[in-house]
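Commentary on secondary and tertiary structure
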Amino acid sequence: MTSNLTAIVAALGLALLFLAVRAGADTVLVEAEGFADAGGWVVDQQFMDEMGSPYLLAHGLGEPVKDAVTTVAFPKAGEYRVWVRTRDWVWMSKTPGTAGLFKLVVDSKPLDATFGTRSKDWHWQDGGVVKIDKKQVTVALKDLTGFEGRCEAVCFSSDAGFTPPTDAATMGAWRQKLLGLGDKPADGGSYDLVVVGGGIAGTAAALSAARLGVKVALVQDRPVLGGNNSSEVRVWLNGQTNFEPYPRIGDVIRELDHKVRAHYGPSNTAEIYEDDRRIALVRAEKNITLMLGWRGNGVEMAGGRIAAVIAQEVATGKRRRFACKLVADCTGHGVIGALAKAQFQMTDKGHMGRSNLWSVADAHKPSPFPRCPWAVDLTDKPFPGRDAKGKAPAVPRNLGVWYWESGFDHDPISEGEHIRDQNLRAMYGAWDALKNVDKLYPTFKINWSAYIAGPRESRRLVGDVLLTKEDVLSKKQWPDACVPCTWSIDLHLPDVRYEKGFEGEAFISKAHHNRFKGPYWIPSRCLYSKNVENLFMAGRDISVTHEALGTVRVMRTTGMMGEIVGMAAAVCKDYNTTPRGVYADYLAQLKALMAKGVGKLPPVSRKPAKPGRAAGRAVKLSPPEWLASAGTNVARDAKLTVSGSYASGKYPAANINDGKIDVTTNAGRWVSDGKLPATVTFTWDAPRTIAAARIVTGWNHGRSVGDCIADFVFRVPDGAGWKDVPGAGAAGNDKIDWCARFAPVTASKLRLVISATSGNVARIYEVELYAGKK
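Every value quoted in this text rests on a predicted model; they were computed, and no experiment measured them.

Okay, the pairing of strand β14 (residues 294–302) next. In the sheet, β14 pairs with strand β15 (residues 305–313) via eight bridges, with the strands oriented antiparallel. For Ala302, the partnering residue across the bridge sits in β15 and is Arg305.

In C-alpha cells:
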C-alpha cells in the first residue's frame, strides 16, 4: 500500500471516530462550489490542495455581486447551528475584517452574523442557530462589498454543541462521508498517457500524442483550455516556432494560437483567446478523453512508476482513477511529480512571482470607487501610472500589466493564495489612490481583473539533464536537441523604484534580460523525470535551473515541449519503452517524428537570423506595382510632430520617415503613448502636392507581424481646423503594408489621424508620401 493511501485510511479512521461522538445528530454539509446558481460569484480552485476545497469568490471589483443561491434538503425540521467556512483575506492590513464581507441568507432571512471578519486562516465561523420548518430550504450567499469575499462551505447541525473539524486529514474524510462520495475513486478508464494540466503545453502534448495513435486523458481543472493564454488569465503567447532543422515543431502551437494578438488595456477581451475553438479542436480528436473541471491531485505508485492519476471534480468533489502507462505533468507547479516523489528544485527566495492582469476603461458616466483602507496603501507612493511626484497621465496608463507581480519571497505553493491576494490589494490600492486621493479619472472604472493568477515559477522537476544558464549562453549542443528557445533569459525581481516600504511584499517587478542569439535547442532529457520512470513534463516545471527557466518559460516554447512529449509518448507506446528509453534506444525514431510533425496547417518558412538579431518569421511586404512610378517620397524631408510617444528614446518619431523598413524587428518603429486619437503631423517649408501614401505598421511578435493600425485618415488644414482627404484612409484595415492613391492635395501640412488600433497603441515602421507620378 502506498504512503498516500495509508494516510487516507488513517484520516478516515480519525473521521469515523469523530463522527461517532455525534451519533444521532443530523448534519448537512453544503459545498459552496456546488451551489446550483453561483450568481456573480466565481469558483476558485487554485488553492484547493492547500486549504482543502474549491470555494466561491465574490470578485466584484468593488461592486457587490449577484447572490449565489441553492436549495438545501434537510432530513427533518428543527433547530440547526450554522457554521460557515471562510476567512478574512485582508488580515494583514491596517483595517482587518473590512473587505470581503458577506451574509448567509436562509429561507429568505439573513443571519445576524457577518462573515469574512474573523481570522486570517480558513476557519469555521459560527453563524448562530436557525429554525428550519421544511425539508427544502433556499440558501443564498449575499456579497456586501464586491471585494473578494470567499465562502468554502456551509454546515448545518442539529447538535447545538457540534463544531466541524479543522485539521485537514479529519476534515477531508468527514467531508467525503457527509457528501456520500465513498472511500474509493470511481474508475476513469485506462490510458496510454494521462496529461495533467490543460495549458498550452498540456493541450499540445495531448494533441500531438493522440494524432500518433496514443490513447490520452487530458485532465484540466478549469472550464477552459490554454492556462495563462486563456480568457481567464489573458496573457498572449511569446517565443518563436518552426525552425530548421525541425521546421514542423511548432505546427500544433500555430493551430492553438489565436488570430488577434491582444495588448494591455480594455481591448484585451475574453473572445480574443478563442476558448471554444480550442476545446472543439481537442474534442475532435477521437483518441482524447477531455476532463474539464477535474483536478489531478493524487497518484497511485507501483514499483517506481505512476500506476494511476487520481482526479477530483471541482464542482462535486467526486474522484476518478485514471490508470496509465505514462503521465505528463503539465501543471506548471509540478503537482503530479511532487505527489509521485519525483526529485525537484524550487527557489525559496528571489524567485519570479505571479501576476493578475487588470485594466480600466472609460464608462462615459460618473463612476465613483469606494475608499479601500485595507488595500496596499499607496496614498503617497509612486507606482506605474503615477510618478514619484504624484503625477499621473491624462488617460490611465501602465496599470495592471505584466510587471504588477508579487510573491518573490513567498512559497509559491503553500502561500499561493496570499500571493494572488497581494496582487488584488495592490490593484485596489492603486485605483483608490488615483480615484480618491488624486481625484482623477472620474468616469473610469476597473474594467476587468483576473482572479486566476498567472504564475511564472515554482517547482522544477529534475530530469537526466538539468539545463543551466551557462549551457544556454555557451550554446552547448545536445544530441537530443528538440525544442528551440528564442526568448531571452528573462528573470523578474522586485523593482527597487517601488519597493521601499513594501520589502518582502513587493508588487512591481523589473525584468532582467540576458540576451543570446537564438534559437537555442534544449534536450529531450529535460522533459522526463530522473527518478519516476514513466513521468514526462512539459511547461515551466521542466528540468532547468532558476536562471535557465527565464528562457524556456514562454508559452510557444512550452507548447513545443508538449509537442515533443506527445511524440515521445508515441515512441514509448510503439516500442514498449520508457521516456529514458526513447533517448537511449529510439532517438532516431523520435527525430523522424520531429521532422514530420503532427500539425494540420501548411508548413511555414523562416529566414535565417541576421547577426545579432533573433530570427523572425519571414514577412513579405506587398506594395503595389504603381508605387515604383509614384515619384519622390516627400515624407523624407518633412518635419514631424506626434501626439505622444511611448519610450521615445527607444521608439522615436524620427523612425516614421527615416526611409527604413525592417519588419523582422520591432526596433525601427514609432510607438504611440496609448492615447487615441494618435496623430502624426508632417510639415514642409513650402507646399507639397500629394496623391499617394504608403503606411507600414505593426508588431513583430515572432510568428507573424500583426496589430496594424485599423482606422485612420489623412487630413489637411481647413481654415482653423482640419478636413479629411477623400480616399486617404481606411476603416478596419488589416494590412501591415497599406497603400492608396487619391485625388491630389497641395498643402504645407498633412496630418495622419489614427482612431483605432490594437490596445490603443499605434506602431508605425514608415510613412511614405508621393505626388503620384514621376
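Turning to helix α8 (residues 416–437), a few remarks are in order. For α8, built from 22 residues, the straight-helix expectation of 32 Å at 1.5 Å per residue is met to within 8% by its first-to-last C-alpha distance of 31 Å. Of all 22 residues in α8, 21 are buried; the element is thus mostly enclosed. Positioned one or two residues after α8, Lys439 has a phi angle of 60°, which is positive.

Taken in spatial order, the three strands of this open sheet run β20-β18-β22, and their pairing is antiparallel. Edge positions in the sheet fall to β20 (405–406) and β22 (454–455), since each of these pairs with one other strand and no more.

Each pair of packed helices can be summarised by the angle the axes make with each other and by the distance between the axes. In the contact formed by helix α12 (residues 555–575) and helix α14 (residues 587–596), the axes pass within 10 Å of each other and the chain directions differ by 135°. With respect to each other, α12 and α14 are oriented oblique. Remark: the crossing between α12 and α14 carries right-handed chirality. Taken together, the residues of α14 that come into contact with α12 (itself represented by Ile564, Met567, Ala568, Val571 and Tyr575) are Gln589, Leu590, Leu593 and Met594. Partitioning the contact of α12 with α14 into residue classes produces eight nonpolar, one polar and no charged.

The next subject is the nonpolar core. Ranked by internal contacts, the top residues of the largest apolar core, which has 91 residues, are Ile306 and Leu467. Here this core gets 11 residues from one element, more than from any other, and that element is α12. Excluding anything up to four places from it in sequence, Ile306 contacts Val299, Glu300, Met301, Cys324, Val327, Ile336, Ala340, Val532, Asn534 and Leu535. Counting 33 residues, the second largest nonpolar core, distinct from the first, contains Trp89, Cys372, Phe444 and Phe507.

The rules behind the values
- Residues numbered from 1 in each chain as written.
- Predicted model: local features only at pLDDT ≥ 70, side-chain atom pairs only at ≥ 80, totals over all residues.
- Heavy atoms only, no water.
- Pairing = 2+ DSSP bridges.
- Helix = DSSP H or I, 4+ residues; strand = E, 2+ residues; numbered from the N terminus.
- Expected span 1.5 Å × (residues − 1).
- Buried < 20%, exposed > 50% of the residue type's maximum accessible area, 1.4 Å probe, protein only.
- Axes fitted to C-alpha atoms, helices over the stretch in contact; angles between N-to-C directions.
- Parallel < 35°, antiparallel > 145°, perpendicular 65-115°, else oblique.
- Left-handed = near helix turned anticlockwise from the far one by under 90°.
- Contact = heavy atoms within 4.5 Å.
- Nonpolar A, V, L, I, M, F, W, Y, C, P; charged D, E, K, R; others polar.
- Core = buried A, V, L, I, M, F, W, Y, C linked by side-chain atoms within 4.5 Å.

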